[in-house]
Amino acid sequence: MDDMGMTDNQWKDNLRGQLENWEDVEELLQSGKVEEALKKIKRVKDRINKGLED
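These numbers come from a predicted model, not from an experiment. (Residues numbered from 1 in each chain as written. Predicted model: local features only at pLDDT ≥ 70, side-chain atom pairs only at ≥ 80, totals over all residues. Heavy atoms only, no water.)

**With respect to the overall build of the protein**
Scanning the protein from N- to C-terminus turns up two helices and zero strands. Seen through its principal axes, the protein has C-alpha atoms that stretch 50 × 20 × 5 Å. Counting the 54 residues in the protein, one finds 11% classified as buried. Accessible surface for the protein amounts to roughly 5,100 Å². Of this, 51% is attributable to carbon and sulfur atoms. Taking the average place of the 10 positive charges on the side chains of the protein and the average place of its 14 negative ones, the gap between the two points comes to 5 Å. (Helix = DSSP H or I, 4+ residues; strand = E, 2+ residues; numbered from the N terminus. Buried < 20%, exposed > 50% of the residue type's maximum accessible area, 1.4 Å probe, protein only. Areas by Shrake-Rupley, 256 points an atom, 1.4 Å probe, with all protein chains shown as cover. Lys, Arg positive; Asp, Glu negative; His and termini not counted. Charge placed at Lys NZ, Arg CZ, Asp CG, Glu CD.)

So this is what it looks like as structure tokens:
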């Protein structure tokens with residue numbers, strides 16, 4: 001079965017989610033919470049890598 005891909009709306013929703021994650025990281029870093037920011041970055045990277053494997 002062929003992979004249908006994402007619709008424009010799905011892609012935009014994905015980008016909004018990624019933007020929110022990076023805004024969270026930015027806020028954590030601005031408030032000096034480096035360890036929490038690094039944990040968030042790891043979670044984002046793990047999720048991206050898992051998506052690339054599928």
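**Some words on the environment of Glu26**
Relative to the helices and strands, Glu26 is located in helix 1 (residues 8-30). Accessibility expressed as a relative area gives 45% for Glu26, which makes it partly exposed. With eleven residues separating them in the primary sequence, Glu26 and Ala37 have C-alpha atoms 7.8 Å apart.

**Some remarks on the side chain of Lys40**
Secondary-structure assignment places Lys40 in helix 2 (residues 34-53). Residue classification places Lys40 among the buried residues on the basis of a relative accessible area of 13%. In this structure the side chain of Lys40 is engaged in a polar contact, spanning 3.3 Å, whose partner is the side chain of Asp24. Setting aside chain neighbours within four positions, we find Lys40 in contact with Asn21, Asp24, Val25 and Leu28. (Polar contact = N/O pair within 3.5 Å; in protein donor to acceptor, adjacent residues only side chain to side chain. Contact = heavy atoms within 4.5 Å.)

**Digging into helix 1**
The end-to-end C-alpha distance of helix 1 is 33 Å, a good match for the 33 Å that 23 residues give at a rise of 1.5 Å each. Along helix 1, the positions that sit buried rather than exposed are Asn21, Val25 and Leu28. Buried residues in helix 1 make contact with helix 2. Taken from the residues just after helix 1, Gly32 is the one with a positive phi, measuring 80 degrees. (Expected span 1.5 Å × (residues − 1).)

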